[in-house]
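This is what each chain is made of:
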Amino acid sequence: MVLFIRKRLVDFKTYSEPREMLFIAGPHPQINDLKDAIIKFEGLDIDLNEIELVKYFPQEFEWLYISDSYIEAEKKKGKKKSTKPHD
């Protein structure tokens, strides 16, 4: 999976230029796997709990905070949709 990573530049209240990162997701990737890959990609010396992930939707001018609870909620939505009987 190719992701575009932009690092928040807090002192300047802006973001770095986007960089492409290749994320090799295993059969059951977890949010911490992605955080770990980003930390290594950016060369950061921080713990997993010190990084926050968000996705920007430019059409809606909205940010989506990506957390474990969000991922679990999305999984439950998908299971509800897939349990309908097929004719």
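Notes on the structure in this doc start here.

Definitions and limits used
Residues numbered from 1 in each chain as written. Predicted model: local features only at pLDDT ≥ 70, side-chain atom pairs only at ≥ 80, totals over all residues. Heavy atoms only, no water. Helix = DSSP H or I, 4+ residues; strand = E, 2+ residues; numbered from the N terminus. Contact = heavy atoms within 4.5 Å. Areas by Shrake-Rupley, 256 points an atom, 1.4 Å probe, with all protein chains shown as cover. Expected span 1.5 Å × (residues − 1). Buried < 20%, exposed > 50% of the residue type's maximum accessible area, 1.4 Å probe, protein only. Polar contact = N/O pair within 3.5 Å; in protein donor to acceptor, adjacent residues only side chain to side chain. Pairing = 2+ DSSP bridges.

### A short note on the overall build of the protein chain
Stage number 1. Per the secondary structure count, the protein chain includes two helices and six strands.
Stage number 2. The order of α-helices and β-strands along the protein chain, N terminus first, is β-β-β-β-α-β-β-α.
Stage number 3. Considering only contacts in the protein chain between residues 6 or more positions apart, those separated by 24 or more positions represent 13%.
Stage number 4. Taken as a whole, the protein chain presents about 7,600 Å² of accessible surface, with 55% of it coming from carbon and sulfur.

### Overview of unusual backbone geometry
Stage number 1. Backbone geometry places K13, a non-glycine residue, at a positive phi of 55 degrees.
Stage number 2. Even without being a glycine, F61 presents a positive backbone phi close to 55 degrees.
Stage number 3. By the secondary structure assignment, F61 is in the loop between β5 (53–57) and β6 (62–66).

### So, helix α1 (residues 31–42)
Stage number 1. The end-to-end C-alpha distance of α1 is 17 Å, a good match for the 16 Å that 12 residues give at a rise of 1.5 Å each.
Stage number 2. Residue G43 follows α1 closely and has a positive phi angle near 70 degrees.

### Things to note about the side chain of K35
Stage number 1. With respect to the element layout, K35 can be found in helix α1.
Stage number 2. Relative accessible area serves as the criterion here: at 13%, K35 is assigned to the buried category.
Stage number 3. A polar contact of 3.4 Å, which involves the side chain of K35, links it to the backbone oxygen of I51.

### Considering the pairing of β5
Within a regular strand, side chains alternate between the sheet's two faces.
Stage number 1. Relative to β6, β5 is paired through five bridges, and the arrangement is antiparallel. Bridging from a neighbouring strand, F57 pairs with E62 of β6.
Stage number 2. Between β5 and β6, which pair antiparallel in sequence order, lie four residues; one of them, F61, sits at a positive phi of approximately 55 degrees.

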